[in-house]
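Here is how the chains run, residue by residue.
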Amino acid sequence: MYCKKECIAMLLAGGQGSRLYDLTKHIAKPAVSFGGKYKIIDFPLSNCINSGIDTVGVLTQYQPLELNEYVCNGAPWDLDRMRGGLSVLPPYQGNKRSDWYKGTANAIYQNINFIKHYDPEYVLILSGDHIYRMDYRLMLDQHKATGAVCTVATITVPIEEASRFGICNTNSDGSIYEFEEKPKKPKNNQASMGIYIFNTKTLIEYLETDEADENSSNDFGKNIIPNLLANGEKLFAYKFSGYWKDVGTISSLWEANMDLIGENPVLNIADKNFRIYSKNTARPPQFFGPKSMIVNSMVSEGCRIYGTVINSILSGGVIIEEGAVVRDSVIMDDVVVKSRGAVYSSIVDSDSVIKEGAVVGEEGAGKENITVIASSTVVKPQKKA
(Lines give C-alpha, C1' and ligand atoms only; values in the text may rest on other atoms or scores of the structure.)
Protein backbone atom coordinates (compact mmCIF):
# COMPACT_ATOMS: atom_id res chain seq x y z
CA MET A 1 0.00 0.00 0.00
CA TYR A 2 1.41 3.39 -1.02
CA CYS A 3 2.24 5.55 1.98
CA LYS A 4 4.32 8.63 1.16
CA LYS A 5 6.38 10.23 3.92
CA GLU A 6 8.22 13.54 3.83
CA CYS A 7 11.20 12.19 5.79
CA ILE A 8 12.11 8.73 7.07
CA ALA A 9 15.02 7.67 9.29
CA MET A 10 17.50 4.85 8.72
CA LEU A 11 19.15 3.90 12.01
CA LEU A 12 22.43 2.00 11.73
CA ALA A 13 22.41 -0.34 14.74
CA GLY A 14 24.56 -3.27 13.66
CA GLY A 15 27.84 -2.23 15.27
CA GLN A 16 29.93 -4.74 17.18
CA GLY A 17 31.34 -2.21 19.64
CA SER A 18 34.60 -4.13 20.11
CA ARG A 19 36.12 -1.34 22.24
CA LEU A 20 33.48 -2.07 24.89
CA TYR A 21 35.03 -5.52 25.26
CA ASP A 22 32.98 -7.88 27.46
CA LEU A 23 29.96 -5.55 27.49
CA THR A 24 29.32 -6.30 23.81
CA LYS A 25 30.48 -9.91 23.69
CA HIS A 26 26.91 -11.17 23.33
CA ILE A 27 24.92 -8.04 22.40
CA ALA A 28 25.15 -5.21 19.88
CA LYS A 29 26.41 -1.86 21.15
CA PRO A 30 23.02 -0.10 20.79
CA ALA A 31 21.54 -2.68 23.21
CA VAL A 32 24.01 -1.86 26.01
CA SER A 33 22.33 -0.55 29.16
CA PHE A 34 22.69 3.13 30.00
CA GLY A 35 21.57 5.43 32.78
CA GLY A 36 19.90 2.79 34.92
CA LYS A 37 16.74 2.24 32.87
CA TYR A 38 17.69 2.86 29.24
CA LYS A 39 19.48 1.25 26.32
CA ILE A 40 21.76 3.33 24.09
CA ILE A 41 19.32 2.96 21.18
CA ASP A 42 16.58 4.66 23.22
CA PHE A 43 18.17 8.03 22.48
CA PRO A 44 18.01 8.14 18.65
CA LEU A 45 14.60 6.43 18.68
CA SER A 46 13.26 8.98 21.16
CA ASN A 47 14.82 11.79 19.12
CA CYS A 48 12.93 10.54 16.07
CA ILE A 49 9.49 10.52 17.64
CA ASN A 50 10.14 13.81 19.44
CA SER A 51 11.07 15.28 16.03
CA GLY A 52 7.89 14.08 14.34
CA ILE A 53 9.59 11.28 12.38
CA ASP A 54 7.32 8.24 12.63
CA THR A 55 8.98 5.88 10.12
CA VAL A 56 12.29 4.33 11.19
CA GLY A 57 14.23 1.44 9.69
CA VAL A 58 16.57 -0.14 12.26
CA LEU A 59 19.44 -1.90 10.48
CA THR A 60 20.80 -4.72 12.64
CA GLN A 61 23.60 -7.23 12.10
CA TYR A 62 25.96 -8.11 14.98
CA GLN A 63 24.41 -10.20 17.81
CA PRO A 64 20.89 -8.93 16.99
CA LEU A 65 18.74 -11.16 19.24
CA GLU A 66 18.51 -8.94 22.32
CA LEU A 67 18.31 -5.74 20.28
CA ASN A 68 15.53 -7.11 18.06
CA GLU A 69 13.61 -8.31 21.10
CA TYR A 70 14.02 -4.93 22.78
CA VAL A 71 12.84 -2.71 19.92
CA CYS A 72 10.18 -5.24 18.84
CA ASN A 73 7.28 -3.32 17.26
CA GLY A 74 8.40 0.11 18.46
CA ALA A 75 5.58 0.61 20.97
CA PRO A 76 7.66 2.23 23.78
CA TRP A 77 8.60 5.04 21.37
CA ASP A 78 5.11 5.38 19.84
CA LEU A 79 6.43 3.75 16.66
CA ASP A 80 3.86 0.96 16.39
CA ARG A 81 2.06 2.55 13.45
CA MET A 82 -0.26 1.23 10.77
CA ARG A 83 1.54 3.40 8.20
CA GLY A 84 5.26 3.52 8.85
CA GLY A 85 6.46 2.94 12.40
CA LEU A 86 9.54 0.88 13.30
CA SER A 87 10.90 -1.86 11.04
CA VAL A 88 13.87 -4.09 11.86
CA LEU A 89 16.03 -4.51 8.74
CA PRO A 90 18.63 -7.30 9.01
CA PRO A 91 20.78 -8.47 6.07
CA TYR A 92 18.79 -10.88 3.93
CA GLN A 93 19.14 -13.23 0.98
CA GLY A 94 17.87 -11.94 -2.33
CA ASN A 95 17.24 -13.90 -5.51
CA LYS A 96 20.81 -13.35 -6.70
CA ARG A 97 22.94 -13.28 -3.54
CA SER A 98 23.11 -12.58 0.17
CA ASP A 99 25.60 -10.26 1.87
CA TRP A 100 26.42 -9.01 5.31
CA TYR A 101 26.39 -5.23 5.48
CA LYS A 102 29.85 -4.31 4.18
CA GLY A 103 29.80 -0.70 5.36
CA THR A 104 27.43 2.08 6.36
CA ALA A 105 26.62 2.99 2.75
CA ASN A 106 26.17 -0.63 1.70
CA ALA A 107 23.76 -1.19 4.60
CA ILE A 108 21.53 1.62 3.30
CA TYR A 109 21.98 0.43 -0.29
CA GLN A 110 20.70 -3.04 0.60
CA ASN A 111 17.53 -1.40 1.92
CA ILE A 112 16.80 0.96 -0.97
CA ASN A 113 13.45 -0.78 -1.54
CA PHE A 114 12.43 0.09 2.03
CA ILE A 115 13.18 3.74 1.26
CA LYS A 116 11.35 3.64 -2.06
CA HIS A 117 8.30 2.08 -0.40
CA TYR A 118 7.67 5.34 1.48
CA ASP A 119 8.79 7.63 -1.39
CA PRO A 120 10.25 10.25 1.00
CA GLU A 121 11.62 13.61 -0.05
CA TYR A 122 14.41 13.26 2.51
CA VAL A 123 16.25 10.44 4.30
CA LEU A 124 17.79 10.91 7.74
CA ILE A 125 20.78 8.62 8.41
CA LEU A 126 21.52 7.95 12.10
CA SER A 127 23.88 5.92 14.23
CA GLY A 128 22.55 3.76 17.05
CA ASP A 129 25.46 4.19 19.45
CA HIS A 130 25.49 7.84 20.53
CA ILE A 131 24.00 9.52 23.60
CA TYR A 132 22.32 12.85 22.82
CA ARG A 133 19.01 14.68 22.53
CA MET A 134 18.38 16.42 19.24
CA ASP A 135 15.39 17.84 17.41
CA TYR A 136 15.98 16.70 13.83
CA ARG A 137 13.31 19.13 12.60
CA LEU A 138 15.72 22.02 13.07
CA MET A 139 18.33 20.26 10.96
CA LEU A 140 15.73 19.46 8.29
CA ASP A 141 14.59 23.10 8.24
CA GLN A 142 18.15 24.24 7.57
CA HIS A 143 18.58 21.54 4.91
CA LYS A 144 15.56 22.87 3.04
CA ALA A 145 16.55 26.53 3.46
CA THR A 146 20.07 26.05 2.06
CA GLY A 147 18.99 23.89 -0.87
CA ALA A 148 21.64 21.32 0.05
CA VAL A 149 21.59 17.80 -1.35
CA CYS A 150 23.18 16.62 1.90
CA THR A 151 23.48 18.16 5.36
CA VAL A 152 26.00 16.81 7.88
CA ALA A 153 25.44 17.36 11.60
CA THR A 154 28.64 18.54 13.28
CA ILE A 155 29.78 19.27 16.81
CA THR A 156 32.83 21.05 18.17
CA VAL A 157 35.29 18.63 19.80
CA PRO A 158 38.63 19.30 21.53
CA ILE A 159 41.24 19.79 18.83
CA GLU A 160 43.43 17.07 20.35
CA GLU A 161 40.58 14.58 19.75
CA ALA A 162 39.65 15.76 16.26
CA SER A 163 41.73 13.10 14.51
CA ARG A 164 39.27 10.46 15.78
CA PHE A 165 36.42 11.94 13.70
CA GLY A 166 35.43 12.91 10.20
CA ILE A 167 36.20 16.63 9.98
CA CYS A 168 34.14 19.13 7.96
CA ASN A 169 36.03 22.11 6.58
CA THR A 170 33.47 24.82 5.81
CA ASN A 171 33.08 28.25 4.24
CA SER A 172 31.68 31.20 6.18
CA ASP A 173 28.12 30.32 5.08
CA GLY A 174 28.41 26.79 6.48
CA SER A 175 28.84 25.08 3.12
CA ILE A 176 31.32 22.21 3.18
CA TYR A 177 34.27 22.41 0.78
CA GLU A 178 36.29 19.49 2.18
CA PHE A 179 35.65 16.40 4.28
CA GLU A 180 38.58 14.60 5.94
CA GLU A 181 37.98 11.17 7.45
CA LYS A 182 40.04 10.90 10.66
CA PRO A 183 42.89 13.17 9.49
CA LYS A 184 46.27 12.95 11.26
CA LYS A 185 46.51 16.75 11.23
CA PRO A 186 42.94 18.15 11.29
CA LYS A 187 42.46 21.69 10.01
CA ASN A 188 39.67 22.39 12.53
CA ASN A 189 37.60 20.69 15.21
CA GLN A 190 34.19 20.61 13.54
CA ALA A 191 33.49 16.89 13.76
CA SER A 192 30.82 14.89 11.95
CA MET A 193 28.30 13.31 14.30
CA GLY A 194 27.47 10.55 11.82
CA ILE A 195 24.05 12.15 11.25
CA TYR A 196 23.10 13.03 7.66
CA ILE A 197 20.05 14.31 5.82
CA PHE A 198 19.95 13.52 2.10
CA ASN A 199 17.64 14.38 -0.70
CA THR A 200 16.36 10.91 -1.55
CA LYS A 201 17.03 11.05 -5.28
CA THR A 202 20.65 12.08 -4.70
CA LEU A 203 21.17 9.46 -1.99
CA ILE A 204 19.95 6.60 -4.19
CA GLU A 205 22.01 7.79 -7.16
CA TYR A 206 25.25 7.91 -5.16
CA LEU A 207 24.57 4.64 -3.33
CA GLU A 208 24.10 2.84 -6.64
CA THR A 209 27.29 4.36 -8.06
CA ASP A 210 29.22 3.48 -4.92
CA GLU A 211 27.98 -0.12 -4.98
CA ALA A 212 29.25 -0.50 -8.54
CA ASP A 213 32.75 0.63 -7.49
CA GLU A 214 34.73 -2.49 -6.57
CA ASN A 215 37.39 -0.37 -4.83
CA SER A 216 34.94 1.41 -2.53
CA SER A 217 34.80 0.84 1.24
CA ASN A 218 31.02 1.43 0.95
CA ASP A 219 31.17 4.01 3.72
CA PHE A 220 29.52 7.43 4.03
CA GLY A 221 32.54 9.20 5.50
CA LYS A 222 35.15 7.56 3.28
CA ASN A 223 33.22 7.40 0.01
CA ILE A 224 29.76 8.97 -0.31
CA ILE A 225 30.51 12.39 1.20
CA PRO A 226 33.87 12.83 -0.64
CA ASN A 227 32.23 11.76 -3.92
CA LEU A 228 29.47 14.33 -3.48
CA LEU A 229 32.07 17.06 -2.92
CA ALA A 230 34.20 15.90 -5.84
CA ASN A 231 31.19 16.27 -8.13
CA GLY A 232 30.45 19.80 -6.92
CA GLU A 233 27.28 18.91 -5.03
CA LYS A 234 25.94 21.32 -2.41
CA LEU A 235 26.72 20.15 1.13
CA PHE A 236 26.19 22.08 4.36
CA ALA A 237 27.15 21.55 7.98
CA TYR A 238 24.49 21.76 10.68
CA LYS A 239 26.24 22.92 13.86
CA PHE A 240 24.81 21.20 16.93
CA SER A 241 25.56 22.77 20.31
CA GLY A 242 23.89 20.34 22.75
CA TYR A 243 25.19 17.30 24.60
CA TRP A 244 26.54 14.50 22.41
CA LYS A 245 28.85 11.63 23.24
CA ASP A 246 30.10 8.68 21.25
CA VAL A 247 30.00 5.92 23.88
CA GLY A 248 32.21 3.56 21.95
CA THR A 249 34.81 3.08 24.71
CA ILE A 250 34.65 2.00 28.34
CA SER A 251 35.81 5.41 29.57
CA SER A 252 33.28 7.34 27.45
CA LEU A 253 30.41 5.04 28.47
CA TRP A 254 31.29 5.42 32.15
CA GLU A 255 31.70 9.20 31.77
CA ALA A 256 28.33 9.58 30.01
CA ASN A 257 26.63 7.72 32.87
CA MET A 258 28.34 9.99 35.40
CA ASP A 259 27.09 13.00 33.42
CA LEU A 260 23.55 12.09 34.53
CA ILE A 261 24.10 12.66 38.25
CA GLY A 262 24.52 15.75 40.40
CA GLU A 263 22.29 18.69 41.23
CA ASN A 264 23.03 20.22 37.82
CA PRO A 265 23.86 17.21 35.61
CA VAL A 266 25.79 17.73 32.39
CA LEU A 267 23.18 15.57 30.65
CA ASN A 268 19.74 16.45 31.99
CA ILE A 269 17.11 13.99 30.79
CA ALA A 270 14.33 15.38 33.00
CA ASP A 271 12.81 17.64 30.30
CA LYS A 272 9.14 16.67 30.09
CA ASN A 273 8.86 18.25 26.64
CA PHE A 274 11.60 16.05 25.16
CA ARG A 275 11.43 12.72 26.94
CA ILE A 276 13.73 9.76 26.44
CA TYR A 277 11.47 6.72 26.17
CA SER A 278 12.38 3.13 27.04
CA LYS A 279 10.81 -0.28 27.44
CA ASN A 280 9.03 -0.66 30.81
CA THR A 281 10.40 -3.60 32.79
CA ALA A 282 7.44 -3.55 35.23
CA ARG A 283 9.63 -3.97 38.30
CA PRO A 284 8.42 -3.04 41.81
CA PRO A 285 9.49 0.23 43.48
CA GLN A 286 12.93 0.65 45.05
CA PHE A 287 13.47 -0.29 48.69
CA PHE A 288 15.97 1.41 51.00
CA GLY A 289 16.85 -0.39 54.22
CA PRO A 290 17.14 1.36 57.62
CA LYS A 291 20.96 1.46 57.46
CA SER A 292 21.27 2.32 53.78
CA MET A 293 23.02 5.47 52.55
CA ILE A 294 22.56 6.84 49.03
CA VAL A 295 24.51 9.92 47.94
CA ASN A 296 24.35 11.63 44.52
CA SER A 297 23.13 8.50 42.72
CA MET A 298 20.37 7.25 40.44
CA VAL A 299 18.61 4.08 41.60
CA SER A 300 16.19 2.27 39.29
CA GLU A 301 13.05 0.22 39.92
CA GLY A 302 13.32 -3.06 41.78
CA CYS A 303 16.55 -2.24 43.61
CA ARG A 304 16.97 -3.16 47.28
CA ILE A 305 19.59 -1.08 49.03
CA TYR A 306 20.83 -1.96 52.52
CA GLY A 307 24.42 -0.70 52.16
CA THR A 308 26.12 2.42 50.78
CA VAL A 309 25.83 3.83 47.25
CA ILE A 310 27.79 6.97 46.30
CA ASN A 311 28.08 8.72 42.91
CA SER A 312 26.71 5.72 41.04
CA ILE A 313 24.07 4.53 38.57
CA LEU A 314 22.07 1.39 39.47
CA SER A 315 19.90 -0.44 36.94
CA GLY A 316 16.82 -2.47 37.84
CA GLY A 317 16.82 -5.28 40.41
CA VAL A 318 20.23 -4.54 41.95
CA ILE A 319 20.76 -5.68 45.56
CA ILE A 320 23.35 -3.97 47.76
CA GLU A 321 23.59 -5.84 51.04
CA GLU A 322 24.28 -4.27 54.44
CA GLY A 323 27.96 -3.39 54.81
CA ALA A 324 28.56 -3.32 51.04
CA VAL A 325 29.82 -0.19 49.27
CA VAL A 326 29.37 0.97 45.67
CA ARG A 327 31.17 4.16 44.66
CA ASP A 328 31.69 5.92 41.29
CA SER A 329 30.29 2.93 39.41
CA VAL A 330 27.69 1.79 36.89
CA ILE A 331 25.82 -1.33 38.03
CA MET A 332 23.59 -3.06 35.48
CA ASP A 333 20.48 -5.21 35.94
CA ASP A 334 20.15 -7.78 38.75
CA VAL A 335 23.67 -7.49 40.12
CA VAL A 336 24.15 -8.51 43.77
CA VAL A 337 26.86 -6.99 45.95
CA LYS A 338 27.14 -9.12 49.08
CA SER A 339 27.92 -7.89 52.60
CA ARG A 340 31.41 -6.37 52.93
CA GLY A 341 31.73 -6.40 49.16
CA ALA A 342 32.97 -3.21 47.49
CA VAL A 343 32.80 -1.84 43.95
CA TYR A 344 34.87 1.21 42.99
CA SER A 345 35.15 3.00 39.61
CA SER A 346 33.70 0.07 37.70
CA ILE A 347 31.06 -1.05 35.23
CA VAL A 348 29.48 -4.31 36.40
CA ASP A 349 27.36 -6.05 33.79
CA SER A 350 24.05 -7.76 34.53
CA ASP A 351 23.46 -10.84 36.72
CA SER A 352 26.92 -10.70 38.30
CA VAL A 353 27.55 -11.41 41.98
CA ILE A 354 30.21 -9.70 44.07
CA LYS A 355 30.77 -12.13 46.94
CA GLU A 356 31.31 -11.30 50.64
CA GLY A 357 34.51 -9.35 51.13
CA ALA A 358 35.36 -9.13 47.41
CA VAL A 359 36.65 -5.83 46.04
CA VAL A 360 36.17 -4.73 42.42
CA GLY A 361 38.14 -1.80 41.03
CA GLU A 362 40.27 0.80 42.74
CA GLU A 363 38.86 3.73 44.67
CA GLY A 364 39.39 7.02 42.81
CA ALA A 365 40.78 5.25 39.73
CA GLY A 366 39.35 7.79 37.27
CA LYS A 367 37.73 7.35 33.86
CA GLU A 368 40.83 5.97 32.14
CA ASN A 369 41.12 3.05 34.57
CA ILE A 370 37.57 1.72 34.79
CA THR A 371 37.23 -1.93 35.75
CA VAL A 372 34.73 -3.99 33.73
CA ILE A 373 33.00 -7.11 35.04
CA ALA A 374 31.33 -9.23 32.36
CA SER A 375 27.73 -10.42 32.61
CA SER A 376 26.98 -13.31 35.00
CA THR A 377 30.43 -13.20 36.62
CA VAL A 378 30.93 -14.31 40.22
CA VAL A 379 33.70 -12.27 41.86
CA LYS A 380 35.26 -13.88 44.93
CA PRO A 381 37.64 -12.23 47.42
CA GLN A 382 41.30 -12.62 46.59
CA LYS A 383 43.13 -15.14 48.70
CA LYS A 384 45.82 -13.72 50.91
CA ALA A 385 49.34 -14.69 49.95
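Being a predicted model, the structure only gives us computed values, none of them experimental. (Residues numbered from 1 in each chain as written. Predicted model: local features only at pLDDT ≥ 70, side-chain atom pairs only at ≥ 80, totals over all residues. Heavy atoms only, no water.)

S.K.: Talk me through the overall build of the chain; I want residue IDs and the actual numbers.
M.R.: When helices and strands are tallied, the chain shows 8 helices and 29 strands. A compact globule built from 385 residues should have a C-alpha radius of gyration of about 21 Å, and the chain, at 22 Å, falls within 12% of that. Projected onto the principal axes, the alpha-carbon positions of the chain cover approximately 65 × 50 × 40 Å. For the chain, the proportion of its 385 residues judged to be buried stands at 55%. Residue pairs at least 24 apart in sequence account for 59% of intrachain contacts in the chain once pairs closer than 6 positions are excluded. If you sum the accessible surface of the chain, you get close to 17,900 Å²; carbon and sulfur atoms cover 47% of it. Computing the positive centroid from 40 side-chain charges and the negative centroid from 45, the chain places the two 3 Å apart. (Helix = DSSP H or I, 4+ residues; strand = E, 2+ residues; numbered from the N terminus. Rg over C-alpha atoms; globule rule 2.2 N^0.38 Å. Buried < 20%, exposed > 50% of the residue type's maximum accessible area, 1.4 Å probe, protein only. Contact = heavy atoms within 4.5 Å. Areas by Shrake-Rupley, 256 points an atom, 1.4 Å probe, with all protein chains shown as cover. Lys, Arg positive; Asp, Glu negative; His and termini not counted. Charge placed at Lys NZ, Arg CZ, Asp CG, Glu CD.)

S.K.: Break down the packing of helix H6 (residues 200–212) against helix H7 (residues 220–230) for me, citing the residues and quoting the values.
M.R.: Relative orientation and spacing of two packed helices are given, respectively, by the angle between their axes and the distance between those axes. Interhelical geometry of H6 versus H7 gives an angle of 115° and a closest axis separation of 11 Å. Between H6 and H7 lies a crossing whose hand is right-handed. Seen from H6, the contacting residues are Thr 202, Leu 203, Tyr 206, Leu 207 and Asp 210; seen from H7, they are Phe 220, Asn 223, Ile 224, Asn 227 and Leu 228. Partitioning the contact of H6 with H7 into residue classes produces 6 nonpolar, 3 polar and 1 charged. (Axes fitted to C-alpha atoms, helices over the stretch in contact; angles between N-to-C directions. Left-handed = near helix turned anticlockwise from the far one by under 90°. Nonpolar A, V, L, I, M, F, W, Y, C, P; charged D, E, K, R; others polar.)

S.K.: How would you summarise the packing of aromatic side chains if you had to cite specific residues and measurements?
M.R.: Summed over the entire model, instances satisfying the criterion amount to 10 aromatic pairs. Taking NZ or CZ as reference, Lys 39 lies 5.8 Å from the ring centre of Tyr 70, over its face. (Phe/Tyr/Trp six-rings, centres within 6.5 Å; stacked < 30°, edge-to-face > 60°. Lys NZ or Arg CZ within 6 Å of the ring centre and 35° of its normal.)

S.K.: Go over the layout of surface pockets, please, and point to the residues and values.
M.R.: One number sums up the size of the largest pocket: a volume of about 1,200 Å³. Elements represented by at least two residues in the lining of the largest pocket include exactly helix H3 (104–109), strand E6 (122–127), strand E10 (176–181), strand E11 (190–199), H7 and strand E13 (244–246). Among the elements that line the lining of the largest pocket, the one with the most residues is E11, at 4 residues. Looking at the lining of the largest pocket residue by residue, the classes come out as 13 nonpolar, 17 polar and 10 charged. The computed volume of the second largest pocket comes to approximately 590 Å³. Lining the second largest pocket are 25 residues, and of these Lys 37, Tyr 70, Ser 278, Lys 279 and Asn 280 lie nearest its centre. Contributions of two or more residues to the lining of the second largest pocket are made by strand E3 (38–39) and helix H2 (65–71). Its residues assigned to classes, the lining of the second largest pocket comprises 6 nonpolar, 8 polar and 11 charged. (1 Å grid on protein atoms, 1.4 Å probe; cavity = no way out; pocket = protein on both sides within 12 Å on 5 of 7 lines; lining within 4 Å. Points joined across faces, edges and corners; volume = space filled by probe spheres on them.)

S.K.: Before we move on, can you summarise the environment of Lys 185 with the specific residues and values?
M.R.: Counting through the fold element by element, Lys 185 comes out in the loop between E10 and E11. Take Lys 185: its relative accessible area is 76%, and that puts it in the exposed class. Between the C-alpha atom of Lys 185 and that of Phe 165, which follows or precedes it by 20 residues, the distance is 11 Å.

S.K.: Please give an account of the nonpolar core that cites residues and values.
M.R.: Core analysis: the biggest nonpolar cluster contains 67 residues, and Leu 45 and Met 134 have the highest contact counts within it. The element contributing the most residues to this core is helix H8 (residues 250–258), with 5 residues. Among all residues touching Met 134, those that are not within four sequence positions of it are Asn 47, Ser 51, Met 139, Ala 153, Met 193, Ile 195, Tyr 238, Phe 240 and Phe 274. (Core = buried A, V, L, I, M, F, W, Y, C linked by side-chain atoms within 4.5 Å.)

S.K.: Describe the pairing of strand E1 (residues 7–12), naming the residues involved and giving the relevant values.
M.R.: A large share of E1 lies buried, amounting to 6 of its 6 residues. Across the two faces of E1 the burial is the same, with Cys 7, Ala 9 and Leu 11 and Ile 8, Met 10 and Leu 12 all buried. Summarising the sheet, E1 and E6 pair through 6 bridges and their orientation is parallel. Across the sheet, Leu 12 pairs through a bridge with Ser 127, a residue of E6. As paired strands, E1 and strand E4 (residues 55–59) are joined by 4 bridges and run parallel to one another. Within the sheet, the bridge partner assigned to Leu 12 lies in E4 and is Leu 59. (Pairing = 2+ DSSP bridges.)

S.K.: Give me the environment of Asp 333: which residues, what numbers.
M.R.: Secondary-structure assignment places Asp 333 in the loop between strand E22 (330–331) and strand E23 (336–337). Classification of Asp 333 as partly exposed rests on a relative accessible area of 23%. Put simply, Asp 333 and Ser 300 are 33 residues apart on the chain and 9.2 Å apart in space, counted from C-alpha to C-alpha. Separated by 3.0 Å, the side chain of Asp 333 and the backbone nitrogen of Gly 316 make a polar contact. (Polar contact = N/O pair within 3.5 Å; in protein donor to acceptor, adjacent residues only side chain to side chain.)

S.K.: Give a detailed account of the side chain of Lys 5, specifying residues and quantitative values.
M.R.: Relative to the helices and strands, Lys 5 resides in the segment before E1. Among the residues examined, Lys 5 registers a relative accessible area of 14% and is labelled buried. Polar side-chain contacts of Lys 5 include one of 3.1 Å to the backbone oxygen of Arg 83. Those residues in contact with Lys 5 that sit more than four places away from it in its chain are Asp 54, Thr 55, Arg 83, Gly 84, Tyr 118, Asp 119, Pro 120 and Glu 121.

S.K.: Residue-level account of the sheet that holds strand E20 (residues 319–320), with values.
M.R.: A sheet is described by the order of its strands in space; here 6 strands give the open sequence E14-E17-E20-E23-E26-E29, paired in parallel fashion. With partners counted over all chains shown, the strands left at the sheet margins are strand E14 (287–288) and strand E29 (378–379), one partner each. In this structure, strand E17 (residues 304–305) lies alongside E20, joined through 2 bridges in parallel fashion. For Ile 305, the partnering residue across the bridge sits in E20 and is Ile 320.

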